[in-house]
Amino acid sequence: QVQLVESGGGLVQLGGSLRLSCAASGFTFSSYYMSWYCLSPGKERELVTTITSAGGITNYADSMKGRFTISRHNAANTVYLQMNSLKPEDTAVYYCNADLTLKGGRQIDYWGQGTQVTVSS
């Protein structure tokens, strides 16, 4: 059974930090690109950042560059999002995503249930 379980969200003050974790099971974690997305009320889901299966980082959302860092520990089947200098506009539910594109183009992806991050001013 595939599972992605996020943790580490919570309430933090302006300028604070949080470290989100996403524990994966039920699939070959090391083969998948892993991403973090966020969803705020009234907004569309936004890609925060992606890390390749080998640990290369492909992108960050402009508003999060320099403040957020994605990393992964393949032996532990876990991906992390270190969030520093948090702002109220970072308030959202953060989702973990696993993505694999097979030969021929078929795509497999999995989602976690999300973890709430709230930044107070």
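Now for a quick tour of the structure.

Rules of the game
Residues numbered from 1 in each chain as written. Predicted model: local features only at pLDDT ≥ 70, side-chain atom pairs only at ≥ 80, totals over all residues. Heavy atoms only, no water. Buried < 20%, exposed > 50% of the residue type's maximum accessible area, 1.4 Å probe, protein only. Helix = DSSP H or I, 4+ residues; strand = E, 2+ residues; numbered from the N terminus. Pairing = 2+ DSSP bridges. Axes fitted to C-alpha atoms, helices over the stretch in contact; angles between N-to-C directions. Salt bridge = Lys/Arg side-chain N within 4 Å of Asp/Glu carboxyl O.

Moving on, we come to the pairing of strand 4 (residues 33-39). Buried residues dominate strand 4, accounting for five of its seven residues. Direction of pairing for strand 4 relative to strand 9 (residues 92-101): antiparallel, over a ladder of seven bridges. Bridge pairing in strand 9 places M34 opposite A98. Pairing between strand 4 and strand 5 (residues 46-51): five bridges, direction antiparallel. Paired with W36 across the two strands is T49, which belongs to strand 5. Here strand 4 hands over to strand 5 after six residues, with G42 in that stretch at a positive phi of 80 degrees.

Ordered in space as 1-3-8-7, the four strands form an open sheet in which the pairing is antiparallel. Each edge of the open sheet carries a strand with a single partner, namely strand 1 (3-7) and strand 7 (68-73). Adjacent strand axes in the sheet meet at a mean angle of 15 degrees, parallel and antiparallel pairs treated alike. Taken together, the six bridges between strand 7 and strand 8 (residues 78-83) define a ladder with antiparallel strand orientation. Note on strand 8: the bridge partner recorded for H73 is T78.

The tally for this structure, following the rule as stated, stands at two salt bridges. Between K65 and D62 there is a salt bridge, and its shortest N-O distance comes to 3.2 Å. Taking relative accessible area as the criterion, D62 reaches 64% and is therefore assigned exposed. Note that R67 and D90 form a salt bridge whose closest N and O atoms lie 2.8 Å from each other. Pair noted here: R67 is in the loop between strand 6 (57-60) and strand 7 and D90 is in the loop between strand 8 and strand 9, with a separation of 23 residues, a long-range link. Each of the two residues, R67 as well as D90, counts as buried.

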